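Summary of the model geometry
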Amino acid sequence: MHNTTEYQQSTGMAPSAARGTFTTFGARHVRGVAVSRWVGAVCFVIAAVVLLVFGQWWGATFFLPAALNGSLAYLVPRWNLRQDAPNNARLSA
């Protein structure tokens, strides 16, 4: 039986969640997409806080997309660095 985590560790591939979040634009402009995800996460948090202050409890659901955007903004550039590590090591040797 094929173990997917073993394959990812041995080849340095990004986790499967990362593959679904990329477009060709996002793959070329990783930092710009990460910054826009951080801005989106902050906007979701501000909107959630404003709604909660005015008594709209459904505004708490905005914390979920904020957490998703924040975690992807943090993790996706690191997955790319991990993917590029074998190439960078080969170039420096």
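Residues numbered from 1 in each chain as written. Predicted model: local features only at pLDDT ≥ 70, side-chain atom pairs only at ≥ 80, totals over all residues. Heavy atoms only, no water.

1. Digging into the overall build of the protein chain
What the protein chain contains, in helices and strands, is 5 helices and 0 strands. If you list the helices and strands of the protein chain from N to C, you get α-α-α-α-α. For the protein chain, buried positions account for 24% of its 93 residues. If you take every contact in the protein chain between residues at least 6 apart in sequence, the share linking residues at least 24 apart comes to 54%. Surface accessibility of the protein chain: about 6800 Å² in total, with carbon and sulfur atoms responsible for 68%. (Helix = DSSP H or I, 4+ residues; strand = E, 2+ residues; numbered from the N terminus. Buried < 20%, exposed > 50% of the residue type's maximum accessible area, 1.4 Å probe, protein only. Contact = heavy atoms within 4.5 Å. Areas by Shrake-Rupley, 256 points an atom, 1.4 Å probe, with all protein chains shown as cover.)

2. Comments concerning the packing of aromatic side chains
For the structure on display, the rule yields 2 aromatic pairs. An angle of 80° between the planes, with centres 6.0 Å apart, marks the rings of F44 and F62 as edge-to-face. Taken together, the residues span a long stretch of sequence, with F44 in helix α4 (residues 30-53) and F62 in the loop between α4 and α5 (63-92) at a distance of 18 residues. For F44, a relative accessible area of 29% corresponds to the partly exposed category. (Phe/Tyr/Trp six-rings, centres within 6.5 Å; stacked < 30°, edge-to-face > 60°.)

3. Quick word on a nonpolar patch on the surface
Taken together, the side chains of V42, V45, I46, V49, V50, V53, F54 and F63 present a nonpolar region at the surface, about 730 Å² in accessible area. If you tally residues by element for the nonpolar patch, the top one is α4, at 6 residues. Among the secondary structure elements, I46 is positioned in helix α4. (Patch = residues over 30% accessible without salt bridge, like charges linked within 9 Å, V, L, I, M, F, W, Y side chains within 5 Å. Salt bridge = Lys/Arg side-chain N within 4 Å of Asp/Glu carboxyl O.)

4. So, the confidence of the model for the protein chain
Of all residues in the protein chain, 60% attain a pLDDT of 70 or more, and the chain-wide mean is 76. The least confident element of the protein chain, judged by mean pLDDT, is helix α1 (residues 4-11) at 50; the most confident is α4 at 92. (pLDDT = per-residue confidence, 0-100.)

5. Description of the environment of V45
Within the secondary structure, V45 is located in helix α4. When the C-alpha atoms of V45 and G59 are compared, they prove to be 9.4 Å apart, with 14 residues separating the residues in sequence. Beyond its immediate stretch of four places on either side in the chain, V45 contacts F63 and A66.

6. Overview of α4
Along its 24 residues, α4 runs 35 Å from first to last C-alpha, staying within 8% of the 34 Å computed at 1.5 Å per residue. Within the sequence span of α4, burial applies to V30, A34, R37, G40, A41, A48 and L51. (Expected span 1.5 Å × (residues − 1).)

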